[in-house]
Amino acid sequence: MRDLGTLHRELLDTYLLYVDTPFRLRHDALAAERRQILEEPGVIQQPAILELMPGYRQTDRNIAAAVEGAGLEAEVTSFLEAGLWRFNENPYTHQARAFELGAKRNDSGGKHVVVT
């Protein structure tokens, strides 16, 4: 796996090649000057930013148990496993809670939720 700095440089080099190919300059000094200007931070791309995100806590139940625990029908599990939940991971706690909130009837305070 490439590190962030290498990936950043490779993307910049690829884009510069894209610019250089159709817009070649006859004079090498001009081409070098253009490349130097385009390589400066902020001209084509910003320096890479790495944002560390805290991990979410997973439940100890699989998706079928979370759906059943929310009082939803088994068909919901089949639907989720058909394409939305492909990796057989346990849902995160906020996802299981969203199932429970969404399963409540609207007359008893149920919410429309998006489970991500």
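Check the entry above for the structure.
Our subject in this report is the structure included herewith. (Residues numbered from 1 in each chain as written. Predicted model: local features only at pLDDT ≥ 70, side-chain atom pairs only at ≥ 80, totals over all residues. Heavy atoms only, no water.)

Some points on the nonpolar core
As a reminder of what qualifies: By nonpolar core we mean a set of buried residues, namely Ala, Val, Leu, Ile, Met, Phe, Trp, Tyr and Cys, connected to one another through side-chain atoms within 4.5 Å. Buried means the residue's accessible area, taken with a 1.4 Å probe over protein chains only, is under 20% of the maximum for its type, while exposed means over 50%, and partly exposed covers the values in between. Segments assigned H or I by DSSP are reported as helices when at least four residues long, segments assigned E as strands when at least two residues long, and all are numbered from the N terminus.
The biggest cluster of nonpolar side chains holds nine residues, and these are Ile63, Ala66, Val67, Ala70, Leu80, Trp85, Ala96, Phe99 and Ala103. Going through the elements one at a time, helix H3 (63–69) and helix H5 (93–103) are the ones with two or more residues in this core.

Examining the side chain of Thr59
The condition that has to hold: The term polar contact refers here to a pair of N or O atoms within 3.5 Å; inside protein, the definition further demands a hydrogen-donor-capable atom paired with an acceptor-capable atom, and it admits residues adjacent in sequence only when both atoms are side-chain atoms. The contact criterion used throughout is that any non-hydrogen atoms of two residues lie within 4.5 Å.
For Thr59, the position within the fold is in the loop between helix H2 (28–39) and H3. Within polar-contact distance, the side chain of Thr59 engages the backbone oxygen of Arg61 at 3.0 Å. In this structure, Thr59 is in contact with Asn90, Pro91, Tyr92, Thr93 and Ala96, ignoring residues within four places of it in sequence.

Concerning the packing of helix H1 (residues 4–20) against H2
Counted only if it meets this: The axes used here are C-alpha line fits, helices contributing only the stretch in contact, and every angle between their N-to-C directions lies in the interval 0 to 180 degrees. The scheme is simple: roughly parallel for angles under 35 degrees, roughly antiparallel for over 145, roughly perpendicular for 65 to 115, oblique for anything else. A crossing counts as left-handed when the near helix is turned anticlockwise from the far one by less than a right angle, and as right-handed when that turn is clockwise. Basically, the charged four are Asp, Glu, Lys and Arg, the nonpolar ten are Ala, Val, Leu, Ile, Met, Phe, Trp, Tyr, Cys and Pro, and anything else, Gly included, counts as polar.
Running from N to C, H1 and H2 cross one another at 140°; their axes reach a closest spacing of 11 Å. Of the possible angle classes, the one that applies to H1 and H2 is oblique. H2 is crossed by H1, and the crossing has right-handed handedness. Here Arg9, Leu12, Asp13, Leu16, Val19 and Asp20 of H1 come into contact with H2, specifically with Arg34, Arg35, Leu38 and Glu39. Taken together, the residues of the contact of H1 with H2 break down into four nonpolar, no polar and six charged.

Focus on H5
Worth spelling out the cut-off: The directions considered for the arc are those from the helix axis to the C-beta atoms.
Among all positions of H5, only Gln95, Ala96, Ala98, Phe99 and Ala103 are buried. Buried positions in H5, seen along its axis, are confined to an arc of 155° and lie on one side of it. Where H5 is buried, its residues meet H3 and helix H4 (74–84).

Observations regarding the pattern of salt bridges
What counts is decided by this rule: Salt bridges are defined as contacts in which a side-chain nitrogen from Lys or Arg sits within 4 Å of a carboxyl oxygen from Asp or Glu.
On inspection of all chains with the given rule, the structure shows seven salt bridges. Between Glu100 and Arg61 there is a salt bridge, and its shortest N-O distance comes to 3.7 Å. With Glu100 in helix H5 and Arg61 in the loop between H2 and H3, the pair connects residues that are 39 residues apart, well separated along the chain. When the shortest N-O distance is used, the salt bridge between Arg97 and Glu100 registers 3.4 Å. Taken together, the residues Arg97 and Glu100, both in helix H5 and three residues apart, mark about one turn of the helix. By relative accessible area, Arg97 is classed as partly exposed at 44%. By relative accessible area, which is 27% here, Glu100 ends up partly exposed. Via salt bridges that share partners, Arg9, Asp13, Asp20, Arg34, Arg35 and Glu39 belong to a single interconnected network.

Some points on the packing of aromatic side chains
In this description, an aromatic ring pair is defined by two values, namely the gap between the centres and the angle between the planes. Using the following cut-off: To pair, rings of Phe, Tyr and Trp, with the six-membered ring standing in for Trp, must have centres within 6.5 Å; the planes then decide the type, stacked if under 30 degrees apart, edge-to-face if over 60, and tilted in the middle.
What the rule picks out here adds up to three aromatic pairs. On the numbers, 5.8 Å between centres and 35° between planes, the contact of Tyr15 with Tyr18 is tilted. In this pair, Tyr15 and Tyr18 are both assigned in helix H1, three residues apart and thus about one turn of the helix distant. Accessibility expressed as a relative area gives 40% for Tyr15, which makes it partly exposed. Summarising the aromatic geometry, the rings of Tyr56 and Tyr92 are spaced 5.6 Å apart at their centres and angled 55° between planes, so their arrangement reads as tilted. One end of the pair, Tyr56, is in the loop between H2 and H3; the other, Tyr92, is in the loop between H4 and H5, and 36 residues separate them in sequence.

Interpretation in functional terms is not warranted from these geometric data alone.
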